[in-house]
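Chain by chain, the residues:
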Amino acid sequence: MSTAQQLGAVLDAYPERAELCGAIRISRGAEVLLERAYGQASVQFGVDNSPNTRFHIASATKMFISAAIVRLIGEGRISLQAHPSDYLPVLAAIDRRTTIHHLLSHTSGLPDVYDQPNLKVEMARLMKDGGRLIDYLTALPPMFDPGTRWSYSSTGYLLLACLAEQVTAQPFDALIGEMFLRPLGMNDTGADDPFRINPGRANGQIRRKDGWWNARNDALAEVDGPKEFYSTVADLDRWGKGIFDGQVLNEAGLEMTFSPYAEIGAWGGLDPSLRYGYGWFLGTDHRWIGGMTGGFRSALWQFPAERVNVAMLWNNERV
């Protein structure tokens, strides 16, 4: 039995096989070991998923933010030990002990914006009052002193994306396109606005006991600011190969990104032995990044010793 057949058999035997709705691609080096699609991009309209379907990737967008900041550090345009307001003055209210390193490694003490109660209501009020997301984020009270422990914070990464825009004088999506997407041929990846028609993009869905439901959009979807991205499993595989081949970051940048800076502890029910680099969770022989929002889940796993990528994009958030 070939490797592809073995992998297919494992997926076919998965106890929740009926819940699979999305696409998966597994490669080793230049060889694609498995590429499959499951379920429907739109249950409502009867459109099947395919390996080319575009999916919202949610917090997996952090791998682009991290890589952009690390590139700018390598170019001498940003310093790891600088305070964020050195590049974006509006961030002056953040604890003066906070550095770019703390934002990258989730050790800043800034709370996760997605943990804020009634976030959709807060965002609706912000837009009604003509406020800015960046002002809302900087006003969130810190949970602990910077550098004293680890706590996942999308807030810190949103601020890093805004900072990168300021340093490069480019919108974040244009910056990522210029730095990475076009050079790697990632033509099915970009900033995801759920209100704009995006041909080939899946709907966010939730399967419940009483059938399928359309999911709500991300709580920040309507607010001005850097957007989370969409992608395909083939494009995520291109990204993973670009990391292995040194096209995304040079050796110093890879070392910076994949060095462990903190233990995650009991966060999110994950393996407590996992450590965290810049944007990625780090295991003993693997690393991964993922995301989840209304109706979508995403993940990219890498096994560097074997140059294996596992890209998974689902439009049933319960997979």
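A. How the structure looks around the sheet that holds strand β1 (residues 22-28). Spatially, β2-β1-β15-β14-β13-β12-β11-β10 is the arrangement adopted by the 8 strands of the open sheet, whose pairing is antiparallel. Of all strands in the sheet, those with a lone pairing partner are β2 (31-38) and β10 (262-263), marking the two edges. In this sheet, β2 lies alongside β1 in antiparallel orientation, the contact comprising 7 bridges. Across the sheet, Ala23 pairs through a bridge with Ala37, a residue of β2. Along the sheet, helix α1 (residues 3-12) contacts β1 and β2; its crossing angle with β2, the most-contacted strand, is approximately 30°. Lying over the sheet, helix α8 (residues 233-244) contacts β1, β2, β13 (287-293), β14 (296-303) and β15 (308-314), oriented at roughly 150° with respect to β15.

B. Seen up close, the pairing of strand β8 (residues 211-214). Alignment of strand β7 (residues 205-208) against β8, held across 4 bridges, turns out to be antiparallel. Its bridge partner lying in β8, Arg207 is registered against Trp212. Linking β7 back to β8 in an antiparallel pair, the connection comprises 2 residues.

C. Examining the nonpolar core more closely. Formed by 80 residues in total, the largest nonpolar core has its most connected members in Phe64, Ile69, Ile78, Leu104, Phe180, Trp239 and Trp280. Leaving out residues up to four positions away in the same chain, Ile78 has contacts with Ile69, Leu72, Ile73, Tyr87, Ile100, Leu163 and Val167.

D. Here's a closer look at the pattern of salt bridges. By the definition in use, this model includes 15 salt bridges. In this structure, Arg25 and Asp237 form a salt bridge, with 2.9 Å as the shortest nitrogen-oxygen distance. Here the residue Arg25 occupies a position in strand β1, and Asp237 occupies one in helix α8, the gap between them amounting to 212 residues. Of the charged contacts, one joins Asp245 and Arg307 as a salt bridge, the two residues approaching to 2.4 Å between their closest N and O atoms. Of this pair, Asp245 sits in the loop between α8 and α9 (251-257) while Arg307 sits in the loop between β14 and β15, and the two are 62 residues apart along the sequence. Judged by relative accessible area, Arg307 falls into the partly exposed class, the value being 35%.

E. Summary view of the packing of aromatic side chains. Under the counting rule described, the total for this entry stands at 18 aromatic pairs. Ring geometry for Phe258 versus Trp280: centroids 5.4 Å apart, planes at 75°, classification edge-to-face. Taken together, the residues Phe258 in the loop between α9 and β10 and Trp280 in the loop between β11 (275-276) and β12 (281-282) connect sequence positions 22 residues apart. Classification of Trp280 as buried rests on a relative accessible area of 2%. Residues Trp267 and Phe281 carry aromatic rings whose centres are separated by 6.0 Å and whose planes lie at 15° to one another, so their mutual orientation is stacked.

F. Representation of the sheet that holds strand β6 (residues 190-191) within the structure. Taking strand neighbours across the sheet as the criterion, the 3 strands line up as β5-β9-β6 in an open arrangement whose pairing is antiparallel. Only two strands of the sheet have a single neighbouring strand rather than two, namely β5 (55-56) and β6. Sheet analysis places β5 next to strand β9 (residues 229-231), joined by 2 bridges and oriented antiparallel. Note on β9: the bridge partner recorded for Phe55 is Ser231. Packed onto the sheet, helix α7 (residues 172-184) meets β6 and β9 and runs at close to 40° relative to β9.

Parameters and conventions
Residues numbered from 1 in each chain as written. Predicted model: local features only at pLDDT ≥ 70, side-chain atom pairs only at ≥ 80, totals over all residues. Heavy atoms only, no water. Pairing = 2+ DSSP bridges. Helix = DSSP H or I, 4+ residues; strand = E, 2+ residues; numbered from the N terminus. Contact = heavy atoms within 4.5 Å. Axes fitted to C-alpha atoms, helices over the stretch in contact; angles between N-to-C directions. Core = buried A, V, L, I, M, F, W, Y, C linked by side-chain atoms within 4.5 Å. Buried < 20%, exposed > 50% of the residue type's maximum accessible area, 1.4 Å probe, protein only. Salt bridge = Lys/Arg side-chain N within 4 Å of Asp/Glu carboxyl O. Phe/Tyr/Trp six-rings, centres within 6.5 Å; stacked < 30°, edge-to-face > 60°.

Function cannot be read off these values alone, since they describe shape.
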